[in-house]
Amino acid sequence: GRLADGFMATEVTPATLTEQVEIARDAHARAGREGAFAISVHLPTFAWPGDDVWELVRPYHWYVSWKYDDMDGARHRAGDPPTAPEIDDSLDRSLREQIVLGRPDEVAGRIRELADAAGGDLHFIARLYYPGMAPEVQREAMRIFAEEVAPALR
């Protein structure tokens, strides 16, 4: 807020986004900065028509999340890359909080909740890529997002 004209959040829920936006906007105002202050989020997103959506995306969402945590240790590692650790109940709950997923109407609703948490104006950046997931499943999820979720948000 002191230095920039916007804020981008990741791994947020509507509640944590509200807190972060308040901190950033307060710093912006205290610094005497004027003009617009844009809020954006960059979140993994997966819209799917069935109820099995979490089971479908969970291992790929976990892999991406884990690889970010593993990058520092991987810098000097030789040999085959390790596999991601198993997902326990606590990790499962945490991973579910970090992703916008569900049926298209649920995904649109969650994005609206995030927009409300940001004060009404939000730049939503959907991460729609899941390494290792079958390309045809990813393409279908992108089509669903483009044809069912995005139009519902206009």
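Anything mentioned here points back to the structure above.
Treat the numbers as computed from the prediction; the structure is a model and nothing was measured.

### Here's the deal with the nonpolar core
Line of reasoning, step 1. With 36 residues, the main nonpolar core has L17, F46 and V57 as its most contacted residues.
Line of reasoning, step 2. Looking at this core, the elements with two or more residues in it are helix 1 (14-30), strand 2 (38-47), helix 2 (53-74), strand 3 (100-102), helix 4 (104-117) and helix 5 (135-152).
Line of reasoning, step 3. Each residue touching F46, except ones within four places of it in the same chain, is listed here: V53, L56, V57, I99, V100, L101, G102, V107, Y130, M133, V137 and A141.

### Observations regarding helix 5
Line of reasoning, step 1. Across its 18 residues, helix 5 extends 25 Å between first and last C-alpha, which sits within 8% of the 26 Å expected from 1.5 Å per residue.
Line of reasoning, step 2. Considering bend angle alone, the principal kink of helix 5 is centred on F145 and spans about 35 degrees.
Line of reasoning, step 3. When helix 5 is considered as a whole, its buried residues turn out to be V137, Q138, A141, I144, F145 and V149.
Line of reasoning, step 4. Where helix 5 is buried, its residues touch strand 2, helix 2, helix 4 and strand 4 (123-127).

### Looking at the side chain of R127
Line of reasoning, step 1. Inspection of the secondary structure puts R127 in strand 4.
Line of reasoning, step 2. At 8.5 Å, E11 is the nearest oppositely charged side chain to R127, a buried residue that forms no salt bridge.
Line of reasoning, step 3. One polar contact links the side chain of R127 to the main-chain carbonyl oxygen of Y129, over a distance of 2.3 Å.
Line of reasoning, step 4. Those residues within four positions of R127 in sequence are excluded, and the remaining contacts are H42, L43, P44, T45, H61 and V64.

### Brief notes about helix 4
Line of reasoning, step 1. Helix length check: helix 4, at 14 residues, gives a terminal C-alpha distance of 20 Å against a target of 20 Å (1.5 Å per residue), a fit within 8%.
Line of reasoning, step 2. Within the sequence span of helix 4, burial applies to P104, V107, A108, R110, I111, L114, A115 and A117.
Line of reasoning, step 3. Residues of helix 4 that are buried sit in contact with helix 1, strand 2, helix 3 (89-97), strand 3, strand 4 and helix 5.
Line of reasoning, step 4. Taken from the residues just after helix 4, G119 is the one with a positive phi, measuring 95 degrees.

### Some details on the environment of T10
Line of reasoning, step 1. As for its position among the elements, T10 is in the loop between strand 1 (6-9) and helix 1.
Line of reasoning, step 2. The class of T10 is partly exposed, set by a relative accessible area of 42%.
Line of reasoning, step 3. Put simply, T10 and V64 are 54 residues apart on the chain and 13 Å apart in space, counted from C-alpha to C-alpha.
Line of reasoning, step 4. Setting aside residues no more than four positions away along its own chain, T10 makes contact with H42 and L43.

### Observations regarding the environment of E97
Line of reasoning, step 1. You can see E97 is positioned in helix 3.
Line of reasoning, step 2. In contact with E97, not counting residues within four places along its chain, are V12, T13 and R110.

### Some words on the packing of aromatic side chains
Line of reasoning, step 1. One pass over the full model with this rule turns up three aromatic pairs.
Line of reasoning, step 2. With a centroid separation of 5.7 Å and an interplanar angle of 85 degrees, the aromatic rings of F46 and Y130 are classed as edge-to-face. Taken together, the positions of F46 in strand 2 and Y130 in the loop between strand 4 and helix 5 put the pair 84 residues apart, joining distant regions of the chain. Accessibility classification places F46 together with Y130 in one group, the buried group.

### Observations regarding the layout of surface pockets
The gaps left among the atoms become clear once a water-sized probe is rolled over them.
Line of reasoning, step 1. Here the largest pocket defines a volume of roughly 270 Å³.
Line of reasoning, step 2. As for the largest pocket, its lining consists of T10, E11, H42, P44, H61, V64, S65, Y68, D69, Q98 and R127.
Line of reasoning, step 3. Sorting the residues of the lining of the largest pocket by element identifies strand 2 and helix 2 as the ones contributing at least two each.
Line of reasoning, step 4. Partitioned by chemical class, the residues of the lining of the largest pocket number three nonpolar, five polar and three charged.

The rules we used
Residues numbered from 1 in each chain as written. Predicted model: local features only at pLDDT ≥ 70, side-chain atom pairs only at ≥ 80, totals over all residues. Heavy atoms only, no water. Core = buried A, V, L, I, M, F, W, Y, C linked by side-chain atoms within 4.5 Å. Buried < 20%, exposed > 50% of the residue type's maximum accessible area, 1.4 Å probe, protein only. Helix = DSSP H or I, 4+ residues; strand = E, 2+ residues; numbered from the N terminus. Contact = heavy atoms within 4.5 Å. Expected span 1.5 Å × (residues − 1). Bend = angle between axes of the 7 residues up to and from the residue. Lys, Arg positive; Asp, Glu negative; His and termini not counted. Salt bridge = Lys/Arg side-chain N within 4 Å of Asp/Glu carboxyl O. Polar contact = N/O pair within 3.5 Å; in protein donor to acceptor, adjacent residues only side chain to side chain. Phe/Tyr/Trp six-rings, centres within 6.5 Å; stacked < 30°, edge-to-face > 60°. 1 Å grid on protein atoms, 1.4 Å probe; cavity = no way out; pocket = protein on both sides within 12 Å on 5 of 7 lines; lining within 4 Å. Points joined across faces, edges and corners; volume = space filled by probe spheres on them. Nonpolar A, V, L, I, M, F, W, Y, C, P; charged D, E, K, R; others polar.

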